[in-house]
Amino acid sequence: MPAARAGLTALGALAGAGAAAAVWGIGIERHLYTVRHHTVRVLEAGANPIRILHVSDAHMAPWQRGKQAWMARLASLRPDLVVNTGDNLGHPEGLDGIRRAFAAFRGVPGVFVHGSNDLYEPSPRNPLRYITGPSQRRQSAPPLDTDALDTFFADELGWTGLNNAARTLEVHGTPVNVFGVNDAHHRLDDLDALPGLVSTLPEAPLTLGVTHAPYQRVLNRFADVGADVILAGHTHGGQVRVPFYGALVSNCDLPTRQARGLSTWTHDGRTVPLNVSAGLGHSIYSPVRFACPPEVSLLTLAPRGR
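Anyway, here's the lowdown on the structure attached to this text. (Residues numbered from 1 in each chain as written. Predicted model: local features only at pLDDT ≥ 70, side-chain atom pairs only at ≥ 80, totals over all residues. Heavy atoms only, no water.)

**Some points on the environment of asparagine 88**
Where we set the bar: Only runs of H or I of at least four residues qualify as helices and only runs of E of at least two qualify as strands under DSSP, and these elements are numbered from the N terminus. By definition in these notes, contact holds between two residues if any of their heavy atoms fall within 4.5 Å.
In this structure, asparagine 88 sits in the loop between strand S3 (81-84) and helix H3 (94-102). As for asparagine 88 and leucine 149, which are separated by 61 residues in sequence, their C-alpha atoms are 8.7 Å apart. Contacts of asparagine 88, omitting those with residues within four sequence positions, involve Ala58, His59, Met60, Ile98, Phe102, Asn117, Asp118, Leu149 and Phe153.

**Observations concerning the environment of alanine 213**
Looking at the element boundaries, alanine 213 is found in the loop between strand S8 (206-210) and helix H6 (216-224). It is 10.0 Å that separates the C-alpha atoms of alanine 213 and aspartate 87, two residues lying 126 residues apart in sequence. Aside from chain neighbours lying at most four places away, what touches alanine 213 is Asp183, Ala184, His185, Val218 and His234.

**Describing the nonpolar core**
For clarity, the cut-off: Definition of nonpolar core: a set of buried residues of the types Ala, Val, Leu, Ile, Met, Phe, Trp, Tyr and Cys, connected through side-chain atoms within 4.5 Å. Any residue under 20% of the maximum accessible area for its type is buried, any over 50% is exposed, and the rest in between are partly exposed; the area is computed with a 1.4 Å probe on protein chains only.
If you look at the biggest cluster of nonpolar residues, it comprises 27 residues, and the most contacted ones within it are Leu53, Val55, Met71, Ile98, Phe102, Phe153 and Trp159. Every element with two or more residues in this core is listed here: strand S2 (50-55), helix H2 (65-73), H3, helix H4 (146-157) and strand S14 (295-303). If one sorts the elements of this core by residue count, H4 sits on top with five residues. In contact with valine 55, not counting residues within four places along its chain, are Met71, Val82, Val83, Asn84, Thr85, Phe102, Leu280 and Val296.

**A look at the sheet that holds strand S6 (residues 165-171)**
What counts here: Two strands qualify as a pair provided DSSP detects at least 2 bridges between them. Angles shown run from 0 to 180 degrees and are taken between the N-to-C directions of axes, each axis being a line fitted to C-alpha atoms and, for helices, limited to the stretch in contact.
The six strands lie next to each other as S6-S7-S8-S9-S13-S12, forming an open sheet whose pairing is mixed. In this open sheet, the two edge strands, each paired with only one partner strand, are S6 and strand S12 (261-267). Neighbour to neighbour, the strand axes of the sheet diverge by 25° on average, direction disregarded. Running at roughly 70° to S12, H6 makes contact with strand S7 (174-180), S8, strand S9 (229-232), S12 and strand S13 (270-276) of the sheet.

**A short note on the packing of H3 against H4**
Quick note on the threshold: Any angle between 65 and 115 degrees counts as roughly perpendicular, while under 35 counts as roughly parallel, over 145 as roughly antiparallel, and the rest as oblique. Each crossing gets its handedness from the near helix: less than a right angle anticlockwise from the far helix is left-handed, clockwise is right-handed.
Where H3 contacts H4, the two axes come as close as 10 Å, and the packing angle between them is 20°. The orientation of H3 with respect to H4, classified from their angle, is roughly parallel. Like other packed secondary-structure pairs, H3 and H4 cross with a definite hand, here right-handed. Contacts from Leu95, Ile98, Arg99 and Phe102 in H3 reach Ala148, Leu149, Phe152, Phe153, Glu156 and Leu157 in H4.

**Digging into the pairing of S13**
Each regular strand displays side chains that alternate between the two surfaces of the sheet. Among the seven residues of S13, five are classified as buried, and the element is accordingly described as predominantly covered. Relative to S13, S12 is paired through seven bridges, and the arrangement is antiparallel. From the neighbouring strand, glycine 261 faces S13, where its bridge partner is valine 276.

**A few points about the packing of aromatic side chains**
Basically, it comes down to this: Only Phe, Tyr and Trp rings take part, Trp by its six-membered ring, and two of them pair if their centres are within 6.5 Å. Stacked means planes under 30 degrees apart, edge-to-face means over 60, and tilted covers everything else.
Enumeration according to the criterion identifies eight aromatic pairs in this entry. On the basis of an interplanar angle of 35° and a centroid distance of 5.5 Å, the ring pair of tyrosine 33 and tryptophan 70 is categorised as tilted. Taken together, the residues tyrosine 33 in the loop between helix H1 (2-28) and strand S1 (34-43) and tryptophan 70 in helix H2 connect sequence positions 37 residues apart. Given the relative accessible area of 17%, tyrosine 33 is considered buried.

Here's what the structure looks like:
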């Protein structure tokens, strides 16, 4: 009997811990929005620092007014450039929330690429499947109004689309070359065209590579064509992390140790700073974050050698 009682006590404690973790992850942590600050020394000596607000994976639903208000207040950070790495929409009516979230950034230079949830509606699924491996590709899902999203970003905010495209922008007095690819998770990235696109750009002291999903094939090509900094999203930082261990999955072939935050990517002898945003949201069918609060990144690009 004592052994049986001890076993029941242990099971009860385990169940209680699980319930507490669920309450925290579902009811509390997924609303604890935060700003991660990083300094990246990649600019030439004497250059003006450039503040980049990196926003990703809002997965916006129309009822998420707290998230929308918090994102709108980010304009007070006064970034020089906004980089949006996709998965903005989490619901067919999500664009209304995206409008409320980003309206305050009208006139601030910005760039954007698509993730799968800028293209296709989310679908019901077992939330535990997220932590067992990469999510399935869903071209058969109902399409979202991607054209309306792009019109808002491009025509109303003045942002530049980088879906298999390259451009030169003036950012805080510095010419910046920017290039990006469409959603790599659904293999919409045209990596073969990228060298030609980048070769048409004038010389500039800074080149940014932008992707939603940080697959290794994308990061390797970005390094090859001269990216000085790479920005990506998609991973949700693992979404459910194990304390003192980290992410269980990256939802792509990126090593899990790089599923969140600033690291570096090395290919063919070239090492490039890589910032992977853990993002601000989650699928409406997987409403949990644990040991991985929702976030944006504020990157200060500064001169080298300090």
